[in-house]
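Observations on the model geometry
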Amino acid sequence: MQKHCGLMRAAIDKYNMIEEGDRIAVGVSGGKDSLALLWGLATLRRYYPKKFEIVALTADPGFNSEETDYSLIENYCKENNITYIIRRTQLAKVVFEDKKTASPCALCAKMRRGILHDMAKEQGCNKLALGHHSDDAAETMLMNLFCSGSVGCFSPVTYLDIKDITVIRPMIFCDESKITALSEKYNFPVVKSKCPMDKNTEREKTGNLLKELSQRYPDLKAKILGALERGSISGW
């Protein structure tokens, strides 16, 4: 856990993600990544030199027209003095029944972010933390290249003037494999996704391709991230 928090702090310090008095909303989907983010920020707030508050937010997609059980996460938040807000939505119905789009993941992600932005503002937060890690960054770079012919990635820090909120990604230096090991070691209260696209997304396919290419080209992920930084691409 100490190493995980150290990597998060390195990213936070490098990109000035946290300032004194920040009230940070943490997007919690229920997956291992968002829980590692919540756990890390809950730990950092105890000793980080700049004092900040955190609020955990979940937008329940309502898969199978049912409310998701987040009681394990609720218990964790109570034990660690974290305010936890759940908003029940009809995201699944809109994406898979009403819109029937060819790119359900992109639409779902966009709508979920919009809901989280609104929830964050309602809770008086000036920042929203998302659980993207280094594997996500490398995959996003490749997806943009392969699917749209562009060179880019999400940014470590993004100010959204329309919502007047800053999005931060404190886990961009953290490897997914290490997050998985951390989740298993500390028994994170993971809520299994009921999404019909789970394990069958374009990101999943790109991740598998990255693993295959990494066998032929050692340290490929690190080289992609290094290229982002050296080229100052997307704020890296």
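Our structure's up above, just so we're on the same page.
Keep in mind that what you see is a predicted model, and the values were worked out from it rather than measured.

**A word on unusual backbone geometry**
A positive phi angle, near 60°, is found at Ser65, a position not held by glycine. Following the sequence through the fold, Ser65 ends up in the loop between β2 (52-60) and α3 (71-79). Given the relative accessible area of 69%, Ser65 is considered exposed. Even without a glycine there, the phi angle at Asn81 is positive, about 55°.

**Quick notes on the pairing of strand β3 (residues 83-88)**
Here β2 pairs with β3 via six bridges, running parallel. Bridge pairing links Thr58 to Ile86 in β3. One crossover worth recording links β2 to the parallel β3 by way of α3, and it is right-handed.

**Some details on helix α4 (residues 91-99)**
An α-helical segment advances 3.6 residues per turn. Residues three or four places apart therefore align on the same side. Burial in α4 covers these residues: Leu91, Ala92, Val94 and Val95. Where α4 is buried, its residues touch α5 (104-122). Where α4 ends, the next residue or the one after it, Lys100, has phi of about 50°, a positive value.

What counts, and where the lines are drawn
Residues numbered from 1 in each chain as written. Predicted model: local features only at pLDDT ≥ 70, side-chain atom pairs only at ≥ 80, totals over all residues. Heavy atoms only, no water. Helix = DSSP H or I, 4+ residues; strand = E, 2+ residues; numbered from the N terminus. Buried < 20%, exposed > 50% of the residue type's maximum accessible area, 1.4 Å probe, protein only. Pairing = 2+ DSSP bridges. Right-handed = clockwise from strand over helix to strand, strands pointing away. Contact = heavy atoms within 4.5 Å.

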